[in-house]
Amino acid sequence: MAGKILAKCLFLFVSVCLAINLAICTTNIPNTKKTYIIQMDKWAKPDVFIDHTKWYSSLVKSVLASTPEKEIAGGEEERILYNYQTAFHGVAAQLSEEEVKKLQEQHGVLAVFPETKYELHTTRSPLFLGLDREDSSKLWSDRLSDYNVVVGVLDTGIWPESPSFNDTGMTGVPAHWKGACETGRGFEKHHCSKKIVGARVFYRGYEAASGKISERDEYKSARDQDGHGTHTAGTVAGSVVRGANLLGYAYGTARGMAPGARVAAYKVCWVGGCFSSDILSAVDQAVADGVNVLSISLGGGVSSYNRDSLSIAAFGAMEKGVFISCSAGNGGPDPISLTNVSPWITTVGASTMDRDFPATVKLGTGKIVTGASLYKGRKNLSTQKQYPLIYLGNNSSSPMPSSLCLEGTLDGAAVAGKIVICDRGINPRVQKGQVVKDAGGVGMILANTAANGEELVADSHLLPAVAVGEMAGKAIKHYASARNATATLRFLGTKLGIKPSPVVAAFSSRGPNFLTLEILKPDMVAPGVNILAAWTGALGPSSLPIDHRRTTFNILSGTSMSCPHVSGIAALLKARHPDWSPAAIKSALMTTAYVHDNTYKSLKDASSTTPSTPYDHGAGHINPRIAVDPGLIYDIGAQDYFEFLCTQELSPSQLMVFGKFSNRTCHHSLANPGDLNYPAISAVFPEDTKVSVLTLHRTVTNVGSPISTYHVRVSSFKGAVVRVEPARLNFTSRHQKLSYKVTFETKSRQKAPEFGSLIWKDGTHKVRSPIVITWLASL
């Protein structure tokens, strides 16, 4: 009996303890603080506050829950991470869900955004783009040193000692520049120069989410430990460096797209990622500092326009005349994989160049397969000898952990002394080689899967390794299933004049833009495969901690590399045409882009080797030498973009996040979103089959000869008849605007989109707009 009573008492005690603990946990959940971005109506500030910062602080203080922290003087200040005052208005603060609910009810609060994590989208290109010819500097400017354009690079920082940032011969810092050179570990005032005119760091949002940055392990300054930021900054505006190379590969003269432009480094990315509150603060500060161009090679998921804080900040930057280019993402070849799709952002996909780094696999049968590699090491495999070849997969369409060469999956006894075939995917390509090396393998063949097709990306491996396309990979794996299969690897250096090129990279994210089908994305493609540019002194070229090699330049691939190409060319266009708006610069780049490779055939898709479409390449591949004189431009002002937003079924309060700063209202000047004066034309027929005619409107501005006549040419389509009225545009003065309309009449609704183009010609200029016609299917 006593035992039963004791058991009951113990049960009651445990139950009470569990209940108390549960109550404590339940109570604590709503009070867990997270970072939120609060957008404010700048004009709603009560007169009692001397400035917006005091008002924001008071608002945050008014909603703080009763905790010991609140009783500490200045507790509300500790909750506030950033104040935004230029491209965006409001604060970033750490709040509980309960506090957020209270704050949303306060006067002047327009919107609240939870913190979002973003990821990085990871010397031949100037020549490939025609930027290093003798007449190039005359085409762009009288003297490169005359450039006063500043490009803000939001990334992992910068390595200031790189020769790409040499400021010899440059004039003083532009008078309009208001930026600063923030100091920290490894970065002093003297690291800024006439080339690197600004350096700032943004980490409060990152630390709030991930904990304090270890200053022993990471530079809590603008110094770039990762290399990504140095590479992108060098691509944008690197100074001329002769004899640039990576371990002997790609030897030649390196230079950025705009070698006379200035760089301002805004470090927003750390070891654990990049956070929206930090990115937003960097955009806000960069606009206040006076940047002319923003280059942002990172992205998160796609949110509606009014829920995307970067999109809203970019809108504010555009209002201030800043050109913003962003990477499309590395989610290809999957469709609808784009990020950064707002029409006021220039979204850049990636393409190849006519340079390659060939390497071969010679099988025991004597068959030779060509691949790519940047391997340069002391331990080369003998080309006079064959090595055992092994594949630890089952040749099915689904790779296995061992076939992917994931860490800890290779049996040393099985792979020692052998060349190992590894499937591409999951872990970094160079890490697979390290896994093979650690297990005792002597070489690696990196085989593409269906996701990558025949695209070859070269890497600076730590052991002899060759990347091969999907078809070659399948053949090699089939051969490896035979007994006594052997192979050897050979590295052939750098090869130029590759055909066909350019080709759309398989990894480059694709359209359509599912937020708004009427806005074609990406906008264009630019070189993004095997790009040589400046590199950090803190890491080896493979970026693996075990890699003790150090190089001044590195070769990387990704839309992170294509974005700064466009940013730099935008800087050139801004220097040549200071009065051009961001939309005018984008228009010049889009309407002069080309859609044929160096074999005079349509651009191809590396993932399928079939012709690519505007959903893959946008308007086409950038052509800067032609973009400087486009003839006509499609200009778009901030109010025009706002009118586009008015067609997006946003509520008045949702529209306010874009319109409140300038007190914009909807004039309903666009009949539908396809009427935005975009350089690309996308006609979307609704599900209602009764709608068989659709008319879109465009206005072009003459920036060529004052007196000129343009004639139109439009593609024929299987599913629709397309008419352009008028078919001729007669200009009598420079900057004159003329309008035309494009009418689409359905002949037969097509199940798949149709692609074509509209071109205005005057005998000198060809102003090309891609056309997409889509018929929505009824459910």
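Predicted model only: the values in this text are computed from it and were never measured.

(A) Region of interest: empty space enclosed by the protein. In this structure, the largest cavity encloses a volume near 140 Å³. At the level of elements, β1 (34-40), α11 (309-319) and α20 (652-659) are the ones that each hand at least two residues to the lining of the largest cavity. Residues of the lining of the largest cavity, tallied by class, amount to 10 nonpolar, 4 polar and 4 charged.

(B) Inspection of the UniProt feature "active site" (unreviewed entry) in the protein at higher detail. When the UniProt feature table is mapped onto this chain, "active site" (unreviewed entry) is found at Asp155, His228 and Ser560. Over a stretch of 406 residues, the named residues converge on one spot in the fold, their C-alpha atoms separated by at most 9.8 Å. Within the secondary structure, histidine 228 is located in helix α9 (residues 228-237). Classification of histidine 228 by relative accessible area gives buried; the value is 3%. By the element assignment, serine 560 lies in helix α15 (residues 559-576). Overall, serine 560 belongs to the buried group, its relative accessible area being 0%.

(C) The pairing of strand β19 (residues 368-372), seen in detail. With 5 bridges joining them, strand β18 (residues 358-363) and β19 adopt antiparallel strand pairing. Bridging from a neighbouring strand, threonine 360 pairs with threonine 370 of β19. Adjacent in sequence and paired antiparallel, β18 and β19 are bridged by 4 residues, among which glycine 366 carries a positive phi angle near 95 degrees.

(D) Molecular detail of α15. Taking 1.5 Å of rise per residue, 18 residues should cover 26 Å, and α15 covers 26 Å from first to last C-alpha, within 8% of that figure. Taking burial as the measure, the 18 residues of α15 include 16 buried ones, the bulk of the element.

(E) Just the nonpolar core, in detail. One finds Val283, Trp344 and Leu645 to be the most contacted residues of the largest nonpolar core, which totals 114 residues. Sorting elements by how many residues they give to this core places α11 first, with 7 residues. Contacts of tryptophan 344, omitting those with residues within four sequence positions, involve Tyr305, Ser311, Ala314, Phe315, Met318, Ile324, Lys586, Tyr641, Phe644, Leu645 and Phe658. Tyr249, Ala250, Ala359 and Leu389 belong to the second-largest nonpolar core, a separate cluster that totals 36 residues.

(F) Quick peek at the pairing of strand β9 (residues 249-254). As judged from the 3 bridges shared by strand β8 (residues 241-246) and β9, these two strands associate in the antiparallel manner. When the sheet's bridge partners are listed, valine 241 is paired in β9 with alanine 254. Between β8 and β9, which pair antiparallel and follow one another directly, the connecting turn spans 2 residues, one of which, leucine 247, has a positive phi of 50 degrees.

(G) View of the sheet that holds strand β5 (residues 117-120). Taken together, the 4 strands give an open sheet; going across it, the order is β11-β12-β5-β14, and neighbouring strands pair in antiparallel fashion. Where the open sheet ends on each side, the last strands, each with one partner, are β11 (269-270) and β14 (298-299). This element, helix α10 (residues 276-289), spans β5, β12 (273-275) and β14 of the sheet and lies at about 65 degrees to β12.

(H) Spotlight on the side chain of serine 342. Counting through the fold element by element, serine 342 comes out in the loop between β15 (323-327) and β16 (346-351). For serine 342, a relative accessible area of 2% corresponds to the buried category. At 2.6 Å, the side chain of serine 342 forms a polar contact with the side chain of serine 311. The contact partners of serine 342, leaving out residues within four places of it in the chain, are Tyr305, Ser311 and Lys521.

(I) Structural context of the environment of serine 295. Mapped onto the elements of the fold, serine 295 is located in strand β13 (residues 293-296). Taking C-alpha positions, serine 295 is 38 Å from glutamate 725, a pair spaced 430 residues apart along the chain. Discounting chain neighbours no more than four positions away, the residues touching serine 295 are Val151, Gly152, Val153, Leu154, Val236, Ser325, Cys563, Pro564 and Ser567.

(J) The packing of aromatic side chains, seen in detail. Taken as a whole and judged by the stated rule, the model has 21 aromatic pairs. Note on tryptophan 55 and tyrosine 56: the rings are 5.6 Å apart at their centroids and 35 degrees apart in plane angle, and the pair reads as tilted. Through pairs of rings, three or more aromatic residues link up here, namely Tyr82, Tyr84, Phe88, Phe113, Phe202 and Tyr266. The residue whose ring lies beneath lysine 42 is tryptophan 43, and the NZ or CZ to ring-centre distance is 5.3 Å. Above the ring of tryptophan 159, the side-chain terminus of arginine 223 is found at 4.4 Å from the ring centroid.

(K) The state of the cysteines, seen in detail. By the definition in use, this model includes 4 disulfides. The disulfide that involves cysteine 405 links it to cysteine 422, with 2.0 Å between the sulfurs. In this structure the cystine formed by cysteine 405 and cysteine 422 twists about its S-S bond by roughly -85 degrees; its chirality is therefore left-handed. One end of the pair, cysteine 405, is in the loop between β20 (387-391) and α12 (412-415); the other, cysteine 422, is in strand β21 (residues 419-423), with 17 residues separating them in the sequence. Here cysteine 405 falls in the buried class, since its relative accessible area comes to 0%. What makes cysteine 422 buried here is its relative accessible area of 0%. Sequence-ordered numbering of the bonded cysteines in the protein gives a pairing of 1-2, 3-4, 5-6, 7-8. Cysteine 563 supplies the cysteine sulfur nearest to cysteine 326, a cysteine that is in no disulfide, at a spacing of 6.0 Å.

(L) Representation of the side chain of lysine 220 in the model. Tracing the sequence through the fold places lysine 220 in the loop between α8 (204-210) and α9. Among the polar contacts made by the side chain of lysine 220, one reaches the side chain of glutamate 207 at a distance of 2.9 Å. Excluding residues within four positions of it along the chain, lysine 220 makes contact with Gly184, Tyr203, Glu207, Ile213, Glu215 and Trp270.

(M) Structural view of the packing of α9 against α15. Interaxial distance between α9 and α15 falls to 7 Å at its minimum, and their mutual angle equals 35 degrees. You can see that α9 and α15 cross each other, and the crossing is right-handed. Two secondary-structure elements touch here, α9 through His228, His231, Thr232, Thr235 and Val236 and α15 through Ser560, Met561, Pro564, His565, Ser567 and Gly568. Its residues placed into classes, the contact of α9 with α15 shows 3 nonpolar, 8 polar and no charged.

Reading the values: rules and limits
Residues numbered from 1 in each chain as written. Predicted model: local features only at pLDDT ≥ 70, side-chain atom pairs only at ≥ 80, totals over all residues. Heavy atoms only, no water. 1 Å grid on protein atoms, 1.4 Å probe; cavity = no way out; pocket = protein on both sides within 12 Å on 5 of 7 lines; lining within 4 Å. Points joined across faces, edges and corners; volume = space filled by probe spheres on them. Helix = DSSP H or I, 4+ residues; strand = E, 2+ residues; numbered from the N terminus. Nonpolar A, V, L, I, M, F, W, Y, C, P; charged D, E, K, R; others polar. UniProt positions renumbered as here; feature names shortened; annotations may be inferred. Buried < 20%, exposed > 50% of the residue type's maximum accessible area, 1.4 Å probe, protein only. Pairing = 2+ DSSP bridges. Expected span 1.5 Å × (residues − 1). Core = buried A, V, L, I, M, F, W, Y, C linked by side-chain atoms within 4.5 Å. Contact = heavy atoms within 4.5 Å. Axes fitted to C-alpha atoms, helices over the stretch in contact; angles between N-to-C directions. Polar contact = N/O pair within 3.5 Å; in protein donor to acceptor, adjacent residues only side chain to side chain. Phe/Tyr/Trp six-rings, centres within 6.5 Å; stacked < 30°, edge-to-face > 60°. Lys NZ or Arg CZ within 6 Å of the ring centre and 35° of its normal. Disulfide = S-S within 2.5 Å. Left-handed = near helix turned anticlockwise from the far one by under 90°.

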